[in-house]
Amino acid sequence: MSITPFIRIGIDIGGTFTDLQILDERDGALRSLKTPTTPEDPSIGLLAGLREAAERHGFALSDIRLLLHGTTIATNAVLERRLARGVLLTTAGFEDVLEIGRHSRRDIYGLKPAHEAPLIPRDRRLGVPERIRADGGVERAPEPAAIAALIDRLAALEAEAVAVCLLNAHVNPAHEQLLARALRQARPDLPVCLSSEISPEIREYERSSTTVLNTLLMPVVGAYLQRLTGRLAEAGIGARLLLVQSNSGVCSAETAALQPARLLLSGPSGGALATLRMAEALARPNLLGVDMGGTSYDVCVVRDGAVTRMTQGEIDHLPVRLPMIEIRTIGSGGGSLASVDEAGRLKVGPRSAGSRPGPACYGRGGTEPAVTDANLALGRLDPRFFLGGAMPLDAAASARAVAEHVGAPLGLETPAAAAGILAVTDTNLAAAARLSLFEKGLDPRDFSLLSFGGAGGLHAIPVAEELGIPEVIFPADASTFSAFGILHSDIVHDVARSRVMPAAPESLPRIGDFLDALRQQGAALLDADGVAPADRRLAVAADLRYRGQAFELVTPWEEPAAEPAALERLLAAFHAAHRQRFSYSNPEAPVELVALRLSATGLLARAEARRAPGRGAERAPEARRVWLGDGWREVPVHQRERLTGRITGPALIEEEYTTIYLGPGWDCAPGPEATLIARRAGTEAAR
């Protein structure tokens, strides 16, 4: 007699560790697990984590019902330029749009500004003799002979993927679709991506960049998913696999393989979703979520109970015109390496030791000091209890690395050198968080800091002090908190229709056609995912601007309809949003509608979760020598599982996969939702 699978797992693969949150849907028990990432093929570490989880928690691999997977595979491929060899087909005369880009200078004082080479060089950007006008009318149709000649050139160019981005295809995709049919008939083995499918919006450069990025990622992500699904099948895992997207929703593996650019913020968006859930649960509408893992530091802002969503982001200076959560990332984590440059400056990151070799204390051949080494050298980490004791650390190796690479060049003793590494790190972290708030005109004192990630607990209090934030919240299982957000994701599809028109009553018939088309498209996508009608949610937003502006504001449209009253509500919301963002509005000025967007959500079944005890429950409180800046002191060490009352700093709080440093002048006590809440002495709860 077969038993219905009952295990649901959220997975976040980072640069150093692979994090798992395991939910037993029979009794709601929620457990966490960390295992080293395998950079050569992340699916190997993922399977190792699943096997370890099954063995430790007593379930069979065949009991896994659902796998929700956040991954950095797409991001890393772009950053490291491990991309397919692509060819771009574009309207003749527009072959250089990708190289011309936007005339903006990142370094306004640089005499020789750097110019990145385009992802597809000039000899592989081919012009198609065709033209569609801005109104969608056909001025010149591509001829069969010209299409055949282009296809013949693909073999000589050794194309591994083809991007098709024709002028005004967002208005009329007929020519792109014609090219796609011919390409797929002649070369069925060749991945093809159309701009009208991945990013059907105005602005030629951004649409070209997004299409090219997606195209070059298709073979990379497709190969990874093929390896992963093959390994899952070999292990007897028949679970449904869903991939986390940049918009914090999940999609099927089939969708991810066709549109991998939607995975560029896959892992960090899980942390943003978890931050939003915590803001709701704790009634903290203003929450600054900071995720410090082994490689990076991700910052997201929940303001008035909502995260900021963008219609366009950027990765390594390449624009990506797709909906995504707004997240700021810097290369600063537990594995970030410290060094002294030729000018005698101490630098930390963005170089990272990763998982292999990792920090010097890992004992895997690393010799340079990482942030983790500095924390260990100062006594803030217990070398016997790293990863719950599963990975003992070499404290002597940390001290040697700090002394040799930082202490000796700067003429400092090892404790002072390690403290300097942490001071530089904390300043970098605070700068990233400060910028995320200040650029929106927000005051850090109005926010609580939510700290998570394996390394976050050791740096949260110093960062809060530098920002002037009076309250720091440490969620349960902070080290795998992004995986917790992933575990509670829903299926989300974002679709758009772009056409510049007056946001006025005369445009209502066309607006109505767009709304109908978007709803039909969203319903078809959710049909393909098998989402029942009762589990569907549709949300509409509009990109609006005052006529003459070069930018738009995405404005949610409550109860959208092609009716004058509904349009008036939308315009009122736009004026209010413009006033809030830019301190002024002009209700008398004509408004243009640039695009309509629909977010189609398919709700996944929920199960009540309760956190199961971790491995720290059996450890007794103790004291440890810790360097506090002016010397070594005996500092109490508490086990989070045993903490029931208020404690004061300096102190350390340990749990299975992370450690919290509570600085002098702070106190900490258990809070709701199994959190720990630390506050400056004499301060009140955050608003």
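Refer to the preceding data block for the structure.
Bear in mind that the values here come from a model prediction, so they are computed numbers and not experimental data.

Draft legend 1. Inspection of the environment of L538 at higher detail. One can find L538 in strand β26 (residues 536-546). Given a relative accessible area of 48%, L538 falls into the partly exposed group. Separated by 21 residues in sequence, L538 and E559 have C-alpha atoms that sit 10 Å apart. When sequence neighbours within four positions are dropped, the list of residues in contact with L538 reads R519, L598, S599 and A600.

Draft legend 2. Here's a closer look at the pairing of strand β22 (residues 346-352). The pairing of strand β21 (residues 336-340) with β22 spans four bridges and is classified as antiparallel. Across the sheet, residue A338 finds its bridge partner in β22, namely V348. Between β21 and β22, which pair antiparallel and follow one another directly, the connecting turn spans five residues, one of which, G344, has a positive phi of 80°.

Draft legend 3. Representation of the environment of I151. Turning to its location among the elements, I151 is positioned in helix α4 (residues 144-156). Residues I151 and L179, spaced 28 residues apart in sequence, show a C-alpha to C-alpha distance of 9.5 Å.

Draft legend 4. Focus on the sheet that holds strand β10 (residues 192-194). Read across the sheet, four strands follow the order β6-β5-β9-β10 without closing on themselves; strand pairing throughout is parallel. At either end of the open sheet lies a strand with only one pairing partner, and these are β6 (125-128) and β10. When strand polarity is set aside, the average angle formed by the axes of neighbouring strands in this sheet is 20°. The pairing of strand β9 (residues 161-165) with β10 spans three bridges and is classified as parallel. Bridge pairing links A163 to C193 in β10. With respect to the sheet, α4 is in contact with β5 (86-91), β6 and β9, its orientation differing from that of β6 by roughly 170°. Along the sheet, helix α7 (residues 204-234) contacts β5, β9 and β10; its crossing angle with β9, the most-contacted strand, is approximately 160°.

Draft legend 5. Summary view of the pairing of strand β13 (residues 287-292). Across the six residues of β13, six count as buried, placing the element largely inside the fold. Of the two faces of β13, the one holding L287, G289 and D291 and the one holding L288, V290 and M292 are both buried throughout. The sheet contact formed by β13 and strand β14 (residues 297-303) spans six bridges and is antiparallel. Each residue of the ladder has a partner; that of V290, found in β14, is V299. Counting the residues in the hairpin turn of β13 and β14 gives four residues. Where β13 lies against strand β23 (residues 448-452), five bridges are found, and the strand directions are parallel.

Each value, and the rule that gives it
- Residues numbered from 1 in each chain as written.
- Predicted model: local features only at pLDDT ≥ 70, side-chain atom pairs only at ≥ 80, totals over all residues.
- Heavy atoms only, no water.
- Helix = DSSP H or I, 4+ residues; strand = E, 2+ residues; numbered from the N terminus.
- Buried < 20%, exposed > 50% of the residue type's maximum accessible area, 1.4 Å probe, protein only.
- Contact = heavy atoms within 4.5 Å.
- Pairing = 2+ DSSP bridges.
- Axes fitted to C-alpha atoms, helices over the stretch in contact; angles between N-to-C directions.

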